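Reading the structure
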Amino acid sequence: MEAAAARRRQAREAARYYSSQDVPRRLEETLNALFPLRPADLYGELANSFSKFSKAPVICQLVGRKVLDGVGRPTLEVEIYCIIKNYEKRVCSTVISSHSQVLENALSEATEADEKERNDSVNTAVEWVNESLNTLLRDLKPTEQCEADKILGEYFTKKVEEEREIQKEREEEEEAAPPLPACVPSTTALLGGKKVSGAERTIPPAEPAESVLRGSSAIGATSLAVAKAGAAVSHMPLYSYIALLKHDQDSPKELTVPLPMVSLLNCGKFSPGKLRLMKEIMLIPPVQLPLKESIERVLDIQREVVKLLEAACKGPSPQLADKKKSGAHGTGKKVLSPAIKRISHLGCLVTGFDNLEQPVLLIQAACSNIGLELGTDMYLAINCAAHELMDYNKGKYEVITGTFKSPDEMVDMYVELITNFPSIIALVDPLRKEDRQQWDNVCDALGSQCHLLAEDAATGISRPVTDQEMNLPKCSGAVLKYLNQTKVSDLLELTGLLHGQRHITTLGSPDGESSDDSLVDLAVGLGAKFIKLGGLCRGERVTKYNRLLAIEEELARNSMLR
């Protein structure tokens with residue numbers, strides 16, 4: 001009797017509970033709606049129908065761990081777990097690329113110091129994610145990107161202040177300590193024993209490098225992971241989710257796939273030849289060409305370039321021998337080092353050349369051999385990385401071993417290069433960011449013929465968001481990278497500022513790349529004109545090209561491709 005009474009009491013309580021949740025009415029409506037359809041999986045349809053009444057997913061755990069990037073260096077991975085329909089589920093993970101450049105030909109001491117700094121930074125980032133950030137973001141909806149980024153920004157500001165206090169205490173301790181006897185060297189000694197003329201001292205000094213707070217990658221990785229989780233629980237691809245955020249939840253009807261800048265040759269500062277200027281020579285396909293055909297065309301050119309390089313190693317190349325008619329120097333006999341099979345960390349061939357014209361003529365010959373015309377069927381972009389070439393003793397850029405040019409002479413050199421080779425439609429970092437007058441001059445001279453893009457010359461991404469002032473030299477646009485404390489909200493704001501000033505937005509991958517392909521979705525969602533991913537010869541870079549192909553196919557299938 002008591003058991004029966006208990007069951008009746010429980011049934012009445014259950015009825016009141018379900019009634020308070022409006023379950024009977026919703027169940028009746030759902031069953032009536034499904035009856036005419038007679039679905040094959042009735043309970044599956046019931047589950048789908050009732051899922052819209054479930055609570056929104058919330059973040060329950062962040063997991064940070066140390067992983068390896070594409071060149072075997074430590075970097076950060078962040079996983080997000082959410083409570084979804086009463087169950088804890090792993091929703092997504094993201095691996096943020098490392099902030100530093102890959103050191104080439106560096107001394108062992110410098111390499112060891114870089115590795116130690118990187119390890120310490122990643123370990124700190126893992127600690128931030130697993131402890132403080134895990135607590136701060138718990139119970140937050142992954143779709144609340146602005147709120148998540150606000151929390152992350154406040155936490156980072158707090159860490160910056162803590163670091164300043166520590167630094168201040170160290171400086172006070174150093175000031176209190178008795179000074180050590182020191183011999184101040186003369187200016188001549190500081191400059192390697194060589195006197196510097198007044199003309200050579202007129203260049204602006206290099207701006208101090210923007211400091212990177214140890215552990216800051218935790219901010220960027222967590223922000224991107226939240227965006228990926230928001231896209232996942234909203235049942236949409238990341239690029240669509242980013243486009244929604246950009247347009248204030250107004251879904252765009254069409255999206256554009258950015259033009260890829262595909263790295264083909266590396267003949268920069270550390271290449272085996274005399275030429276130091278061209279860190280990357282990149283191929284840009286025509287706008288009207290579908291991406292799939294563009295990639296196939298790039299691969300055809302790459303194969304033909306390798307054939308010509310192999311032939312050049314064995315003897316003079318008939319296609320490259322006639323340099324005088326093209327205004328180039330040399331006979332084509334020593335076009336490159338025999339080590340043409342070496343692939344750089346950027347995913348392109350490392351080769352050596354003796355002058356500016358040789359690599360362009362090589363690509364021109366390769367295109368001609370397979371029935372393409374450079375400047376019509378394919379275009380070129382050059383990452384000059386001029387900031388790596390400045391000899392501060394001379395106040396000049398060493399563009400070719402033993403050949404130095406002043407900032408003004410660099411402008412003249414670029415004008416001549418573009419005049420001779422109009423197929424070059426973009427120059428990246430043609431000058432240091434400090435040479436602002438020469439940026440003005442080169443933009444005035446070439447701005448209508450090619451894009452002048454700032455990459456290293458672009459200020460760190462966090463600063464423009466603070467004061468709404470992009471500390472850029474005069475240029476056509478900027479190459480943005482998702483690094484360190486960069487948040488998704490920062491990217492949205494910065495690209496808005498660039499577009500508002502009619503600057504070109506290019507998203508680029510850093511030297512230390514990972515297999516995470518989120519950068520491609522970011523570029524599509526943000527409406528970038530170009531995407532700079534490196535070459536087609538390393539897995540972590542090819543993964544991103546494959547993602548770009550998949551997005552183009554998906555947009556075309558849904559009639560959303562502009």
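Now for a description of the structure that goes with this document.

Rules of the game
- Residues numbered from 1 in each chain as written.
- Predicted model: local features only at pLDDT ≥ 70, side-chain atom pairs only at ≥ 80, totals over all residues.
- Heavy atoms only, no water.
- Phe/Tyr/Trp six-rings, centres within 6.5 Å; stacked < 30°, edge-to-face > 60°.
- Helix = DSSP H or I, 4+ residues; strand = E, 2+ residues; numbered from the N terminus.
- Buried < 20%, exposed > 50% of the residue type's maximum accessible area, 1.4 Å probe, protein only.
- Lys NZ or Arg CZ within 6 Å of the ring centre and 35° of its normal.
- Expected span 1.5 Å × (residues − 1).
- Patch = residues over 30% accessible without salt bridge, like charges linked within 9 Å, V, L, I, M, F, W, Y side chains within 5 Å.
- Areas by Shrake-Rupley, 256 points an atom, 1.4 Å probe, with all protein chains shown as cover.
- Salt bridge = Lys/Arg side-chain N within 4 Å of Asp/Glu carboxyl O.
- Lys, Arg positive; Asp, Glu negative; His and termini not counted.
- Charge placed at Lys NZ, Arg CZ, Asp CG, Glu CD.
- 1 Å grid on protein atoms, 1.4 Å probe; cavity = no way out; pocket = protein on both sides within 12 Å on 5 of 7 lines; lining within 4 Å.
- Points joined across faces, edges and corners; volume = space filled by probe spheres on them.
- Disulfide = S-S within 2.5 Å.
- Core = buried A, V, L, I, M, F, W, Y, C linked by side-chain atoms within 4.5 Å.
- Domains from an automatic or database assignment.
- Contact = heavy atoms within 4.5 Å.

**Description of the packing of aromatic side chains**
Applying the stated criterion across every chain, the model contains three aromatic pairs. Consider the rings of Trp 128 and Tyr 155, whose centres lie 5.4 Å apart with planes at 85°: the pair is edge-to-face. Within this pair, whereas Trp 128 is found in helix α4 (residues 108-136), its partner Tyr 155 is found in helix α5 (residues 145-176), the two being separated by 27 residues in sequence. Across the pair, exposure class does not vary: Trp 128 and Tyr 155 are buried alike. One Lys or Arg, Arg 26, reaches over the ring of Phe 53 and ends 4.1 Å from the middle of that ring. The ring of Phe 530 has Lys 529 lying over it, and the distance from NZ or CZ to the ring centre is 5.5 Å.

**Considerations on unusual backbone geometry**
The general pattern is negative phi for most residues beyond glycine and trans for most peptide bonds. Located in the positive-phi region is His 235, a residue other than glycine, with phi close to 60°. Here His 235 is to be found in the loop between α7 (217-233) and α8 (238-246). Take His 235: its relative accessible area is 73%, and that puts it in the exposed class. Phi angles above zero are rare outside glycine, and Ser 559 is one such case at about 55°. Mapped onto the elements of the fold, Ser 559 is located in the segment after α17 (539-557). With relative accessibility at 62%, the residue Ser 559 sits in the exposed group.

**Considering helix α15 (residues 488-500)**
Between its first and last C-alpha atoms α15 spans 18 Å; for 13 residues at 1.5 Å apiece the expected length is 18 Å, and the two agree. Buried within α15 we find Val 488, Asp 490, Leu 491, Leu 492, Leu 494, Thr 495, Leu 497 and Leu 498. Just downstream of α15 lies Arg 502, where phi reads positive at about 60°.

**So, a positive patch on the surface**
On the surface, a cluster of positive charge is made up of Arg 7, Arg 8, Arg 9, Arg 12 and Arg 16. As for its placement among the helices and strands, Arg 7 is situated in helix α1 (residues 2-20).

**Brief notes about empty space enclosed by the protein**
In this approach a probe as big as a water molecule rolls over the atoms, and the regions it shows empty are the leftover space. Overall, the coordinates contain five cavities of 30 Å³ or more when judged by the stated rule. Each pocket or cavity is described by its volume, and for the largest cavity that value is around 130 Å³. Along its surface, the largest cavity is lined by 14 residues, and Val 95, Ser 97, Tyr 482, Glu 513 and Leu 519 are the ones closest to its centre. Those elements that provide at least two residues to the lining of the largest cavity are β3 (87-96) and α16 (518-526).

**Overview of the state of the cysteines**
Where two cysteines share a covalent bond between their sulfur atoms, that bond is called a disulfide. This structure, assessed with the given rule, holds zero disulfides. Just so you know, Cys 82 is unpaired, no disulfide at all, and the nearest cysteine sulfur is the one on Cys 60, 6.3 Å from it. With relative accessibility at 0%, the residue Cys 82 sits in the buried group. Cys 348 takes part in no disulfide bond, and the closest cysteine sulfur, belonging to Cys 537, lies 7.9 Å away.

**Observations regarding the nonpolar core**
Looking at soluble globular proteins, one finds that nonpolar side chains tend to be buried together. Counting residues in each nonpolar core, the largest one holds 127 residues, and the members touching the most others are Leu 277 and Ile 363. The element best represented in this core is α7, accounting for 10 residues. Here this core spans two domains, since at least three of its residues come from each of domain 2 (58-166 + 214-235) and domain 3 (243-312 + 340-558). Excluding residues within four positions of it along the chain, Leu 277 makes contact with Cys 267, Leu 356, Asn 383, Cys 384, Ala 385, Leu 389, Val 399, Met 410, Met 413 and Tyr 414. Of all hydrophobic cores here, the second largest spans 12 residues; its members include Leu 259, Met 261, Met 282 and Ile 504.

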